[in-house]
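A closer look at the structure
The residues making up each chain are set out below.
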Amino acid sequence: MFLGVIGFFVWIWAEEHLLKLLFPKLDAYRAYRDACAAHERRRAEQEHQLELKRLAYWSDLPYAQLENEVAALFRRMGHRAQVQGGSGDGGVDVAVD
């Protein structure tokens, strides 16, 4: 049993050193892989924060400004859009042709 435990640790040690002998750039590859993973996590977090800012922008707009922004968005897409004002418009805020 004791030799089995020692043999196990010798195997672990030898395996790591054999990997380094057979693949001398293994440590560099592992560092590169870890750096890529860290970069991807940072990019995903930045994208998430940007999405939160976009949602906050649209959520915090006053109704009149929101209507104007929606109309402007339709205009940039090539449509004719007109903001309908006041009461009596049947709930239509922006008319798009």
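Before going into details, it helps to say that this report is about the structure given with it.

Reading guide: rules and limits
- Residues numbered from 1 in each chain as written.
- Predicted model: local features only at pLDDT ≥ 70, side-chain atom pairs only at ≥ 80, totals over all residues.
- Heavy atoms only, no water.
- Helix = DSSP H or I, 4+ residues; strand = E, 2+ residues; numbered from the N terminus.
- Buried < 20%, exposed > 50% of the residue type's maximum accessible area, 1.4 Å probe, protein only.
- Areas by Shrake-Rupley, 256 points an atom, 1.4 Å probe, with all protein chains shown as cover.
- Salt bridge = Lys/Arg side-chain N within 4 Å of Asp/Glu carboxyl O.
- Phe/Tyr/Trp six-rings, centres within 6.5 Å; stacked < 30°, edge-to-face > 60°.

1. Side note on the overall build of the protein chain
Along the backbone of the protein chain there are three helices and two strands. What you see in the protein chain, going N to C, is helices and strands ordered as α-α-α-β-β. Within the protein chain, the proportion of its 97 residues that are buried is 7%. Summed over its atoms, the accessible surface of the protein chain is roughly 8400 Å², and 64% of this surface lies on carbon and sulfur atoms.

2. Side note on the pattern of salt bridges
When charged atoms on two side chains of opposite charge get close, those side chains can pair. A full pass over the atoms with the stated rule returns five salt bridges. Residue arginine 54 is joined to glutamate 51 by a salt bridge in which the shortest nitrogen-to-oxygen separation is 3.2 Å. Residue arginine 54 and its partner glutamate 51 are both found in helix α2 (residues 26-60); the two are separated by three residues, about one turn of the helix. For arginine 54, a relative accessible area of 44% gives the class partly exposed. Among the residues examined, glutamate 51 registers a relative accessible area of 37% and is labelled partly exposed. Between aspartate 97 and arginine 80 there is a salt bridge, with the nearest N and O atoms lying 3.7 Å from each other. Of this pair, aspartate 97 sits in the segment after β2 (94-96) while arginine 80 sits in the loop between α3 (63-76) and β1 (81-83); the two residues are 17 residues apart in sequence, bridging distant segments of the chain. Each member of the pair, aspartate 97 as well as arginine 80, carries the same accessibility label: exposed. What you see here is one network of salt bridges that share partners, running through Glu40, Arg43 and Glu47.

3. Some thoughts on the packing of aromatic side chains
Following the criterion strictly, the structure yields one aromatic pair and no others. Between tyrosine 57 and tryptophan 58, the aromatic rings sit 5.4 Å apart at their centres with planes inclined by 85°, giving edge-to-face as the arrangement. You can call tryptophan 58 partly exposed: its relative accessible area is 37%.

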